[in-house]
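# Fold and geometry: a report
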Amino acid sequence: ELTPDGAGDLMISDFQLDTETDGIHAIETIRAHLRRPLPALLVTGTQEPTLLQRIDASGIPCLRKPVRPAEWRALLQALANPAEP
């Protein structure tokens, strides 16, 4: 069972999962279940402007496929070490 204390430190999800859900919904569902703001990122290959606007509006960082290793590294480091307010 997924518990707040037993969950990982970061969630990575593809945006397009299946016809019933997408990565935004999956991330929001896990965050709600954990009752904490789990850092997350989306990965997508979509070119659809409406979907890209939805991803952008979600506020969840997103990488566009194909993702270069340097992009992965930079975003993962930023998520793992958020700036102090």
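Placed above this text is the structure.
The rules behind these values
Residues numbered from 1 in each chain as written. Predicted model: local features only at pLDDT ≥ 70, side-chain atom pairs only at ≥ 80, totals over all residues. Heavy atoms only, no water. Helix = DSSP H or I, 4+ residues; strand = E, 2+ residues; numbered from the N terminus. Buried < 20%, exposed > 50% of the residue type's maximum accessible area, 1.4 Å probe, protein only. Core = buried A, V, L, I, M, F, W, Y, C linked by side-chain atoms within 4.5 Å. Contact = heavy atoms within 4.5 Å.

## Here we look at the overall build of the chain
Scanning the chain from N- to C-terminus turns up 3 helices and 3 strands. Counted from the first residue to the last, the chain has its helices and strands arranged as β-α-β-α-β-α. Sorting the 85 residues of the chain into buried and exposed places 27% on the buried side.

## Comments concerning the nonpolar core
Note that soluble globular proteins tend to have their nonpolar side chains buried in a common cluster. Counting 11 residues, the largest nonpolar core consists of Met11, Phe15, Ile24, Ala26, Ile27, Leu34, Leu38, Ala40, Leu42, Ile55 and Ile60. Among the secondary structure elements, those contributing two or more residues to this core are α1 (23–34) and β2 (40–44). The element that contributes the greatest number of residues to this core is α1, accounting for 4 residues. Look past the residues within four positions of leucine 42 in its chain and what remains in contact with it is Ser13, Asp14, Phe15, Gly23, Ile24, Ile27, Ile55, Ser58, Ile60, Pro61, Cys62 and Leu63. In this structure, Leu63, Val67, Leu75 and Leu79 belong to the second largest nonpolar core, which totals 6 residues.

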